[in-house]
Amino acid sequence: MSILIGENTRLMVQGLGRDGSFHAGRMLRYGTRVVAAVHPGREGETYDGIPVFNTCRKAVEKTGANCSVIFVPAPFAADAVLEGAHAGADLVVAVTEGIPVLDMSRVVNELDGMGVKLTGPNCPGLISPGECKVGIMPGGIFEPGPVGVISRSGTLTYEIVKRLTAAGFGQSTAIGMGGDPVVGMKYRDYMELFAEDPGTELVVMVGEIGGTDEQDAAAFVAETFHKPVVSYIVGRSAPPGKRMGHAGAIISGVESTVEAKVEALSRSGIPVAETIEEIVDLVAAGLGGLN
Amino acid sequence: MKLEEFQAKKLFDEHGIPVPRGRMVTTVSGAEAAAEELGCPVVVKAQVKTGGRGKAGGVKLARTPREAGEAAGKILGMNIKGFVVERLLVDPALSVAGEYYLGITVDRKRKVPVMMVSASGGMDIEKVAAETPEKIFFHPVDPHKGLRFFEAKEMAFKVFQGKKNALDAASVMVKLWRCMNSLDATLVEINPLARLEDGMIIALDAKMVIDDNALFRHPDLESLRLPSPAELKELEARKHGLSYVRLDGEIGCMVNGAGLAMATMDVIKHLGGTPANFLDIGGSSNPEKVVHAMKLLVSDDNVKVIFVNVFGGITRCDDVANGLVKAVSTVDLKLPMVVRLTGTNEVEGIKILSEHGIKAFGDMTEAAREAILLAGKGGAGR
């Protein structure tokens, strides 16, 4: 079982540039139903067997696409998200990095008003192992299983997932929610969905310095989330005021430090791994406690 | 991109926000001339992109042009939190009757810009927020509609006394939002926003951060970048698609992905070593990027060992291996290097490295231990 993406996902790929075309093929071969691609000026062509359209509107009309993934370059990506949403996608996944934050603020608010879900931007996307992948995650390291994964980063997620898979803990859905200051869905939004998913027994939450999303999630878990949660937070060695790659990973006050986040998580009864290795132990303990 | 005060004030001025008619100078004689021209007393202010310059002695009042010159002599070259003062702003000293705080920043939680107003101006606003949060008023700005005058007026009357003060302040608020919105700033801040004895509402300080991601819309603003030597290195790195932040340690890190790069630094620290930097080479497999990254690492004299940690997802390990081989010969690497390579095409990658006498680890913690050992820092974790 899974959340957000699965067997019923009909995906359109917006932007068939270098990255978009490469990953369209990878997603297709992973088993995702990639039903359309959108690239102005190339309507009528097919790419890897996928029909190409000028607009999302036409793509949805002709193929019934219900999900969209954005590989459009940053200056045009905010508009592309809106186009996908207005054409009828229920979920838009924005992989593109470098979208201006005020643009995203407008886009996120408009999508909220429409009831359209957004993952990203600046994210690796989602994968429901064995069923569907939307984005750029390397499919090979994932296995189906009971662990939900929510993270703000890409390669760190792979690092953790590889260890989980090696230890026999497969994943229901893994999500990279994005490294920007303003992103669509956040930990607690995904947790609400994991709460309803019978296939998810435990959630691994991977956080980092910057903002207070981890604290918000901790409060939500303490109040209403009844599945075990395990977490890991990076950035202990980051100096304040410096952006650590992700636009959102910057210590800008006491609240956005690792210490503050660990404290909030611990207070909510969420164990925080000291090291990457320890995550697997905590997951084992969390799942063991269910039996 | 953080702006210095004199730059932010100029942009505020262009958006109709009252600011003092100051002069930016870079020399003692320049400060004297500015004081002469503006008329004394004047305030001589260090231009640095960090807070706390007042406490550090970077702001001085001068009653004569000669005093202004003396103040400039003391402040120029001063090191304030790692920033060496190269520029000064000489502002006329004004008679202040009240100090307020006004700022707008993007609130990550609400996902909209939020305006903050307080009667506790001139102080560290984070301290006010922590100790007396009831003294700050917040107003979320609809990013589509913008800040309307009536909203600003409602906020102004919470903090300012009297119709004229409140309406003038509301007008500043609306202009500040327009400035933020039209220039794609992620932060605009006036602390203090002063009420002068003659009743004028004026911005005595100005902070502004422009969204780097939006500079494609404002190519003219790029010229406002005045990087310090440390920032210059970070900027140079960014031109090559690398994200670099220098720290003070000995282990030079090269990692793909920001999250993994932070995790790598944390592991090193956890095991008793010291990371020399944060360096994210991104998701591309371009060997040139690896060469630039290597050059960056060896240009830091503190670095005693190079630690490469790559998890190939989209990045292919064989591409990274080829890049590393090329980088080692290009920079004629003398330092020991520890490579951890796993993920897509790892077998091919490890083969390429071993053909060139480079051993690769599969596990990042093991590799980190080796790097610490080589740096001569056997750590707690071993």
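Just so you know, these numbers come straight off a predicted model, no measurement behind them. (Residues numbered from 1 in each chain as written. Chains lettered and ligands numbered in written order. Predicted model: local features only at pLDDT ≥ 70, side-chain atom pairs only at ≥ 80, totals over all residues. Heavy atoms only, no water.)

A. Layout of the overall build of chain A. Counting secondary structure elements, chain A contains 9 helices and 13 strands. Taking the principal axes of its C-alpha atoms as reference, chain A extends roughly 55 × 40 × 30 Å. A burial count over chain A gives 64% of its 291 residues as buried. For chain A, contacts bridging at least 24 residues in sequence account for 71% of all contacts bridging at least 6. Working note: accessible area of chain A is about 10,000 Å², and carbon and sulfur atoms make up 51% of it. (Helix = DSSP H or I, 4+ residues; strand = E, 2+ residues; numbered from the N terminus. Buried < 20%, exposed > 50% of the residue type's maximum accessible area, 1.4 Å probe, protein only. Contact = heavy atoms within 4.5 Å. Areas by Shrake-Rupley, 256 points an atom, 1.4 Å probe, with all protein chains shown as cover.)

B. Looking closely at the packing of helix α2 (residues 28–38) of chain B against helix α3 (residues 65–75) of chain B. Residues and elements named next belong to chain B. With their axes 8 Å apart at the nearest point, α2 and α3 run at an angle of 145 degrees to one another. Read as a crossing pair, α2 and α3 show a hand that is right-handed. Side by side, α2 and α3 meet where V28, A31, E32, A35 and E36 of the first sit next to P65, R66, A68, G69, A72 and G73 of the second. In the contact of α2 with α3, the residues fall into 6 nonpolar, 2 polar and 3 charged. (Axes fitted to C-alpha atoms, helices over the stretch in contact; angles between N-to-C directions. Left-handed = near helix turned anticlockwise from the far one by under 90°. Nonpolar A, V, L, I, M, F, W, Y, C, P; charged D, E, K, R; others polar.)

C. View of the sheet that holds strand β9 (residues 132–135) of chain A. Residue and element names in this part refer to chain A. Pairing is mixed in the open sheet, where 6 strands are placed in the order β9-β8-β11-β10-β12-β13. Each end of this open sheet is capped by a strand with a single partner; those strands are β9 and β13 (229–234). Neighbour to neighbour, the strand axes of the sheet diverge by 15 degrees on average, direction disregarded. Bridge count for strand β12 (residues 202–208) against β13 is 6 bridges, and the pairing is parallel. Residue pairing in the sheet places V204 in a bridge with V230 of β13. (Pairing = 2+ DSSP bridges.)

D. Structural detail: the interface of chain A and chain B. Taken residue by residue, the interface counts 58 residues in chain A and 46 residues in chain B. Of the roughly 4,200 Å² buried where chain A meets chain B, counting both sides, 56% is carbon and sulfur surface. Three residues, L102(A), R106(A) and S237(A), lead the burial of chain A against chain B; their summed loss comes to 15% of the area buried on that side. In this structure, D363(B) engages R163(A) in a salt bridge whose closest nitrogen and oxygen atoms are separated by 3.5 Å. Inspection of the region where chain A meets chain B yields 21 residue pairs in polar contact (both at pLDDT 80 or more). Of all the secondary-structure elements, those providing two or more residues to the side of chain A that touches chain B are α1 (18–30), α4 (101–114), α5 (155–166), β13 and α9 (276–288) of chain A. In terms of residues, the side of chain A that touches chain B owes the most to one element, α4(A), which gives 8 residues. (Buried area = accessible area lost by both parts, 1.4 Å probe. Salt bridge = Lys/Arg side-chain N within 4 Å of Asp/Glu carboxyl O. Polar contact = N/O pair within 3.5 Å; in protein donor to acceptor, adjacent residues only side chain to side chain.)

Note that all results are geometric; they support no functional claim without further evidence.
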